[in-house]
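Overview (structure and organization)
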Amino acid sequence: MFLDIEKHNETGITIDNCKVGDSVTVSGMIHNVRVTKWGGFIVLRKSRGLLQAVVSNDTSRFFDEQGQEIHMNDLCREMAITIVGTVGEAKIKDPAAFYNTIEIAVAEVRVLSRPTTADVVDMNALKFGDEETLLRYKFDNRQVTLRNPRDMAILKVQSTIAKAFADFLTENGFTQIYTPKIVSEGAEGGANVFRMDYFGKQVYLAQSPQFYKQIGVGVYERVFEIAPAYRAEKHATSRHLNEYISLDVEMGFIKGQEDVMLLEAALLRHIIATVAERCGHELNLLGATMPKLPNEVPAWKLSEVHEILFENKLCEADHRGEDDLAPEEERAICKYALEKYGSDFVFVTHFPSEHRAFYAMDDPEDPTLTLSFDLLMRGLEITSGGQRIHKEADYREKMLRRGMNPDAFRFYLDTFRNGMPPHGGFAIGLERITACFLGINNVKECSMFPRDINRVAP
Ligand code: AMO
């Protein structure tokens, strides 16, 4: 047999390029069926969303998998079917449907396959008393509840964000890399590292690709990666996952961390424009408004944020002198930046050295601080980044000061021994940025199969 690629690429009339009056053949899953006196409706689910087909008792016919004629009453949700029919203008423009300007007048329905349970998971009626029960049901039955248009829309926007991220960086001279997730040392420190047995030796799941993306700068100057990162978070929260997708960037020959922050702002502007252009239906369905990113993005030192909030009496407590941002401060400074500067984003810089990972470059003007930043969006941290140390001696000195054993990081330090340019980068949590774009409270809803302390299946 030969597979004819040219033939495969031939495009005919499809549901995506048809006009009123065209005959079409369209396959999909039955999302809903409604029988009426005169016929009824089949709501078909396609990759982008719902399409309505109208059945007439006089002209529509139905066939099962064996080609035997059946009745519309024999159709049920989650059957895979093919509809042959004629494209008409939609009588009701249902905003919940993706194809809401057209409908199909059904000539024929052919059943391709059917669910084997009569009790198909009910994803159209996710009506529960409280959010916790709803989420548990959703995640317990995730393989099916993902078919709910709302969940489809969330992950569609997410995939658009990731694609826009990759496209922008590729256009700007970055090379995509793929780095190991089984590693000999955690890059970020702290207790939230997963240990694992590797043929009798203890290894770890990568908390981030930090070491490897820095190594990538020595090779390609500018690199990015889209890959899972692992954090053993011991509490179930609305902002933490044990496995999340990290959008990582690292670039060489920077003059300072501002270069990295400017790149991130330009990248975000591209992502926002792409999502607005390509995901209008999904944004509507989810009632989301796109974030505001002005030309001049607020960027304040941590100490300045404490001061601004105190002076303007925007927090209950006085956080001045604290070495991190309190959650109420994250929310308050974002609200302030939006009201005063029209920005949904705020960079916070100069975090204390002891609160940042060892690879962060200390500020030459005040070595107790680092040239590092967080980016907050709508009250949530979506990014950490900064300038990195690029000299081997500086690494050794900082590691020893912190009681770390430089020999455990030999391959990493070898990179700097062999020469590295000044560099820096950042990482965006994909689930977090998706949640912030869409106004979703729990990042787990932005993960196809979320992992937390209580869940590793489905
Ligand atoms: P950090 O540890 O701050 O920095 O992580 C970067 C971003 O990743 C996301 N994130 C998470 N998302 C969901 N669940 C989690 N448990 C979780 N942990 C982190 C957040 C966070 O802002 N190597 C540095 C980045 C860098 O400097 O380039 C790092 O990993 O959105």
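Residues numbered from 1 in each chain as written. Predicted model: local features only at pLDDT ≥ 70, side-chain atom pairs only at ≥ 80, totals over all residues. Heavy atoms only, no water.

**Focus on the domain arrangement of the protein chain**
Interfaces are often described in size by the accessible area the parts lose on coming together. Parsing the protein chain into structural domains produces domain 1 (5–113) and domain 2 (149–446). On a C-alpha basis, the centres of domain 1 and domain 2 stand 45 Å from each other. Of the residues lining the interface, 11 residues belong to domain 1; the matching set on domain 2 comes to 8 residues. Between domain 1 and domain 2, the buried area comes to about 640 Å², and carbon and sulfur atoms account for 61% of it. Its largest share of buried area at the contact with domain 2, domain 1 owes to Arg48, Ala96 and Phe98, together 57% of the area lost on that side. On inspection of domain 1 and its partner domain 2, the count reaches 1 salt bridge. One salt bridge in this structure joins Arg48 and Glu282, with 2.8 Å as the shortest N-O distance. (Domains from an automatic or database assignment. Contact = heavy atoms within 4.5 Å. Buried area = accessible area lost by both parts, 1.4 Å probe. Salt bridge = Lys/Arg side-chain N within 4 Å of Asp/Glu carboxyl O.)

**Concerning the side chain of His281**
Structurally, the position occupied by His281 is in helix H7 (residues 280–286). His281 gets classed as buried once you look at its relative accessible area, which sits at 14%. Not counting the four nearest positions on each side in its chain, His281 is found in contact with Arg48, Pro95, Ala96, Ala97 and Phe98. (Helix = DSSP H or I, 4+ residues; strand = E, 2+ residues; numbered from the N terminus. Buried < 20%, exposed > 50% of the residue type's maximum accessible area, 1.4 Å probe, protein only.)

**A few points about the site of the ligand**
Not every one of the 22 residues close to the ligand is listed here, only the nearest: Glu188, Lys213, Glu381, Ser384 and Arg388. Between the ligand and the protein, one listed contact pairs an oxygen atom with a backbone N or O atom of Thr383 at 3.2 Å. One of the side-chain N or O atoms of Ser384 is found 2.6 Å from an oxygen atom in the ligand. Coverage of the ligand by the protein chains reaches 93% of its 620 Å² of free accessible surface. Elements with a contribution of two residues or more to the shell around the ligand: helix H5 (210–220), strand S19 (380–387) and strand S20 (423–429). Across the shell around the ligand, the residue classes tally to 6 nonpolar, 8 polar and 8 charged. (Near = heavy atom within 4 Å. Polar contact = N/O pair within 3.5 Å; in protein donor to acceptor, adjacent residues only side chain to side chain. Areas by Shrake-Rupley, 256 points an atom, 1.4 Å probe, with all protein chains shown as cover. Nonpolar A, V, L, I, M, F, W, Y, C, P; charged D, E, K, R; others polar.)

**Structural notes on the sheet that holds strand S13 (residues 243–252)**
Spatial ordering of the open sheet is given by S8-S12-S13-S20-S19-S18-S15-S14, a layout of 8 strands whose pairing is mixed. The open sheet terminates on both sides in strands that have one partner only, identified here as strand S8 (175–176) and strand S14 (299–301). Looking at chain direction, S14 and strand S15 (residues 345–349) are connected through 3 bridges and run parallel. Considered in S15, the bridge of Lys301 is made with Thr349. (Pairing = 2+ DSSP bridges.)

**Quick look at the pairing of strand S17 (residues 366–370)**
Residues in a regular strand project their side chains so that they alternate between the two faces of the sheet. Two elements, strand S16 (residues 362–363) and S17, share 2 bridges in a ladder whose sense is antiparallel. Paired with Asp362 across the two strands is Thr370, which belongs to S17.

**As for the sheet that holds strand S11 (residues 201–205)**
Where strands meet in a sheet, backbone hydrogen bonds hold them as pairs that are either parallel or antiparallel. Across the sheet, which stays open at both edges, the 3 strands sit in the order S9-S11-S10 with antiparallel pairing between neighbours. Either end of the sheet is taken by a strand with one partner, and the two such strands are strand S9 (182–183) and strand S10 (195–198). Of the strand pairs in this sheet, S9 and S11 are connected by 2 bridges, and their pairing is antiparallel. Its bridge partner lying in S11, Ile182 is registered against Leu205.

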